Amino acid sequence: MKLTQSTALAFAATALALPSSTTKEVARKVNAACSSAVTLDASTNVFKKYTLHANSFYRAEVEAAVKQISDSSLAASAAKVADVGTFLWIDTIANIAKIEPAVSDVPCDHILGLVIYDLPGRDCAAKASNGELKVGEISRYKTEYIDPIVKILKNHSNTAFALVIEPDSLPNLVTNADKTACSDSASGYRDGVAYAIKNLNLPNVVMYLDAGHGGWLGWDDNLKPGAQELANAYKNGGNPKQLRGFATNTAGWNSWDQSPGEFASASDAKYNKCQNEKIYVDTFAPLLKSDGMPNHAIVDTGRNGVTGLRKEWGDWCNVNGAGFGVRPTADTGDDLVDAFVWIKPGGESDGTSDSSADRYDSFCGKDDAFKPSPEAGTWNQAYFEMLLKNAKPPF
Ligand code: BGC
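Going along each chain's sequence as written, the residues are numbered from 1 onward. At least 70 in pLDDT is required for a residue's local features to be given in this predicted model, at least 80 for side-chain atom pairs to be given and counted, and no such filter applies to totals for whole chains, interfaces and linings, which use all residues. Note that the side-chain values use all heavy atoms of the structure and ignore hydrogens as well as water.

Applicable threshold: UniProt positions are given in the numbering used here, feature names are shortened, and annotations may be inferred rather than shown by experiment.
Under an unreviewed UniProt entry, the name given to the chain is Glucanase, and the organism recorded is Phialemonium thermophilum. In the Sequence similarities (unreviewed entry) part of its UniProt record, the chain is described as follows: "Belongs to the glycosyl hydrolase family 6."

Structure below.
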């Protein structure tokens, strides 16, 4: 329907009379989706054309957080966080139900980010994010998790999606194979990741395989095996056309380009040239290329605004003193990096600090971890406020 000027004005007036959240809702719905099927060219940087969408789930978490802040200037800054694009984590079969509502307000020039995260024996080297599927439940992963997601993304062919595939899984196979839980999980991880990228290889989807971070696969001994592990998954997935490359620093803390790097003066620094994420991407990407895998990256800058907080590079849980980092942008200054993105929704916990909990991991009890912290994925208001106060650039 083409709006005449008067109907448009009447519509605007009605919208103005509504409470503000409803007004935003109306505005977003008016713009929703494209009028025809989206085709993403994964040989190009799709983030140049599409903005990472500020999804309604994170928006709701942030809006609830704002209500709890009494300081009005802090509350005003907090409200701005709701407009930042983040990825929505599909971390259980039940949470597949989040996709439909999240799709409903994505305008045609935005891309909805999803994290695919439910492998059997998930988080094999830690406890905080152990998942619902047990080692061996690979057929459930395929039929009850990946297949329904594929169906939904096919049904929404007019919407663009960016997927981060299974954070930590392949990196764990490279460096934690000596842990029984990881060696037991290995075949399911490899089979599951290959199945995921083969079946999610849809025209409206672009995919990035998680590659840990510079302090993980960046060690001299890990670079080549890491690239091989990812490239094998790509091949076993049938060289999917929509796979663009890799994701780094997911839920991580590393600086993009601090030099010298945060851990450059550590005694073992000579064994790792990838002291920041830029060096890591620029070092890892050529290895992927020679192994035959597409090699463009996205880098999580959601919580890397403050450095110098971790005792050790491997400290991953709710780092105390952290701040929000650079907002999502395709302006990265590095041809290999498509975009800085927010993959981990800042304010959601990395793991519980309650030492009596089943999923308590000692990393979440370390001196440099924020306490108290709730179960992984659960909102932590105090942590959110800290990220906001320490944000760099500020809100
Ligand atoms: C948790 C997930 C959560 C994600 C994003 C992970 O550490 O295990 O349940 O969805 O973080 O907050």
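There is more to say, and it comes next.
**Some points on the overall build of the chain**
Applicable threshold: Each helix is a run of DSSP H or I of at least 4 residues and each strand a run of E of at least 2, with the numbering of both proceeding from the N terminus. Under the scheme applied here, a residue whose accessible area is under 20% of the maximum for its type counts as buried, over 50% as exposed, and between as partly exposed, the area being computed with a 1.4 Å probe on protein chains only. Residue contacts are defined here by distance: any two heavy atoms, one from each residue, within 4.5 Å place the two residues in contact. The convention is simple: Lys and Arg are positive, Asp and Glu are negative, and His and the chain ends are not counted. By convention, the point assigned to a charge is CZ for Arg, NZ for Lys, CD for Glu and CG for Asp.
Each helix and strand counted, the chain has 11 helices and eight strands in total. Principal-axis analysis of the C-alpha atoms places the extent of the chain at approximately 70 × 50 × 40 Å. Sorting the 395 residues of the chain into buried and exposed places 54% on the buried side. Sequence-distant contacts in the chain: of pairs separated by 6 or more residues, those separated by 24 or more amount to 78%. For the chain, the separation between the mean place of its 38 positive charges and that of its 47 negative charges on side chains is 4 Å.

**Notes on the nonpolar core**
Generally speaking, a soluble globular protein has its nonpolar side chains buried in company with each other. As a reminder, the rule being used: In plain words, nonpolar cores are sets of buried Ala, Val, Leu, Ile, Met, Phe, Trp, Tyr and Cys residues tied together by side-chain atoms within 4.5 Å.
Core analysis: the biggest nonpolar cluster contains 61 residues, and Ile-99, Leu-153, Leu-163, Leu-200, Leu-209 and Phe-284 have the highest contact counts within it. Among the elements that take part in this core, helix α6 (residues 138-155) stands out by supplying eight residues, more than any other. Not counting the four nearest positions on each side in its chain, Phe-284 is found in contact with Ala-211, Leu-217, Leu-223, Gly-226, Ala-227, Leu-230 and Phe-246. If you look at the next biggest cluster of nonpolar residues, it comprises 24 residues, including Leu-40, Trp-89, Ile-111 and Ile-343.

**A word on the packing of aromatic side chains**
In this description, a pair of aromatic rings is defined by centroid distance and the angle of the planes. For clarity, the cut-off: Aromatic rings from Phe, Tyr and Trp, taking only the six-membered ring of Trp, are treated as a pair when their centres fall within 6.5 Å; an angle between ring planes under 30 degrees marks them as stacked, one over 60 as edge-to-face, and anything in between as tilted. Both a distance and an angle decide whether a charge sits over a ring: NZ of Lys or CZ of Arg must be within 6 Å of the ring centre and within 35 degrees of the ring normal.
Here the structure, examined in full by the defined rule, presents 16 aromatic pairs. Taking 6.3 Å as the distance between ring centres and 40° as the angle between the ring planes, the aromatic pair formed by Phe-47 and Tyr-208 counts as tilted. A residue pair is termed long-range when its members are at least 10 positions apart, and Phe-47 in the loop between α2 (20-30) and β1 (51-52) and Tyr-208 in strand β5 (residues 205-210) qualify at 161 residues. The exposure classification of Phe-47 matches that of Tyr-208, with both residues buried. Ring pairs connect the aromatic residues Tyr-58, Phe-324, Trp-342, Trp-379, Phe-384 and Phe-395, which therefore count as one cluster. Its guanidinium or amino end placed over the ring of Tyr-117, Arg-122 lies 4.2 Å from that ring's centre, counting from NZ or CZ. Looking at Lys-344, its charged tip hangs above the ring of Trp-89, at a distance of 5.9 Å from the centre.

**Comments concerning the site of the ligand**
Put simply, the rule is: Any residue with a heavy atom lying within 4 Å of a molecule or strand is counted as near it. Throughout this description, a polar contact denotes any pair of N or O atoms lying within 3.5 Å of each other; where both atoms belong to protein, one of them has to be capable of donating a hydrogen while the other can accept it, and for residues adjacent in sequence the pair is counted only when both atoms sit in side chains. Each accessible area value is a Shrake-Rupley result obtained with a 1.4 Å probe; residue values ignore everything except the protein chains displayed when judging cover. Each residue gets one of three labels, nonpolar for Ala, Val, Leu, Ile, Met, Phe, Trp, Tyr, Cys and Pro, charged for Asp, Glu, Lys and Arg, and polar for the others, Gly among them.
Around the ligand sit Trp-89, Asp-91, Tyr-117, Ser-129, Lys-344, Pro-345, Glu-348, Ala-376 and Gly-377, and that is every residue in its neighbourhood. Here Asp-91 contributes a side-chain N or O atom positioned 2.5 Å from an oxygen atom of the ligand. A distance of 2.9 Å separates an oxygen atom of the ligand from a polar side-chain atom of Lys-344. In isolation the ligand has 310 Å² of accessible area, and contact with the protein removes 92% of it. Among the residues making up the shell around the ligand, the classes are represented as four nonpolar, two polar and three charged.

**Overview of the UniProt feature "active site" (unreviewed entry) in the chain**
Sequence positions flagged by UniProt for "active site" (unreviewed entry) are, in local numbering, Asp-123 and Asp-168. The annotated residues occupy 46 residues of the chain but converge on a single region, no pair of C-alpha atoms lying more than 7.0 Å apart. Mapped onto the elements of the fold, Asp-123 is located in the loop between β3 (110-116) and α6. With residues up to four places along the chain from it excluded, the contact list for Asp-123 reads Tyr-117, Ala-128, Ser-129, Asn-130, Asp-168 and Tyr-189. Note on placement: Asp-168 falls in the loop between β4 (160-165) and α7 (169-175). Judged by its relative accessible area of 22%, Asp-168 is partly exposed. Setting aside anything within four residues of it in sequence, one finds Asp-168 in contact with Asp-123, Asp-210 and Trp-216.

**Here we look at the state of the cysteines**
Worth spelling out the cut-off: Disulfide: a pair of cysteine sulfur atoms within 2.5 Å of each other.
Counted under the stated rule, the structure contains three disulfides. Disulfide pairing is shown between Cys-34 and Cys-108; the S-S distance is 2.0 Å. Of note, the bridge from Cys-34 to Cys-108 carries an S-S torsion of about 100° and is right-handed in sense. Pair noted here: Cys-34 is in the loop between α2 and β1 and Cys-108 is in the loop between α5 (99-103) and β3, with a separation of 74 residues, a long-range link. Disulfide pairing is shown between Cys-317 and Cys-364; the S-S distance is 2.1 Å.

**Focus on the environment of Phe-87**
Positionally, Phe-87 belongs in strand β2 (residues 87-90). When the C-alpha positions of Phe-87 and Leu-230 are compared, they lie 21 Å apart, and in sequence the two are 143 residues distant. When residues no more than four places from it in sequence are discounted, the contact partners of Phe-87 are Leu-52, Asn-55, Gly-113, Leu-114, Val-115, Ala-162, Val-164, Ile-298, Val-341, Trp-342, Ile-343 and Pro-345.

**Quick word on the pattern of salt bridges**
Operational definition: By salt bridge we mean one thing: a side-chain nitrogen of Lys or Arg within 4 Å of a carboxyl oxygen of Asp or Glu.
One pass over the full model with this rule turns up 17 salt bridges. Between Arg-122 and Asp-118 there is a salt bridge; the shortest N-O distance is 3.9 Å. Taken individually, Arg-122 and Asp-118 each receive the classification buried, so the pair is uniform in this respect. As a salt-bridge pair, Asp-338 and Arg-244 come within 2.8 Å of each other at their nearest N and O atoms. In this pair, Asp-338 sits in strand β8 (residues 337-341) while Arg-244 sits in strand β6 (residues 243-248), placing the two residues 94 residues apart along the sequence. Across the pair, exposure class does not vary: Asp-338 and Arg-244 are buried alike. Salt bridges here are not isolated pairs; linked through shared partners, they connect Glu-137, Arg-140 and Glu-144.

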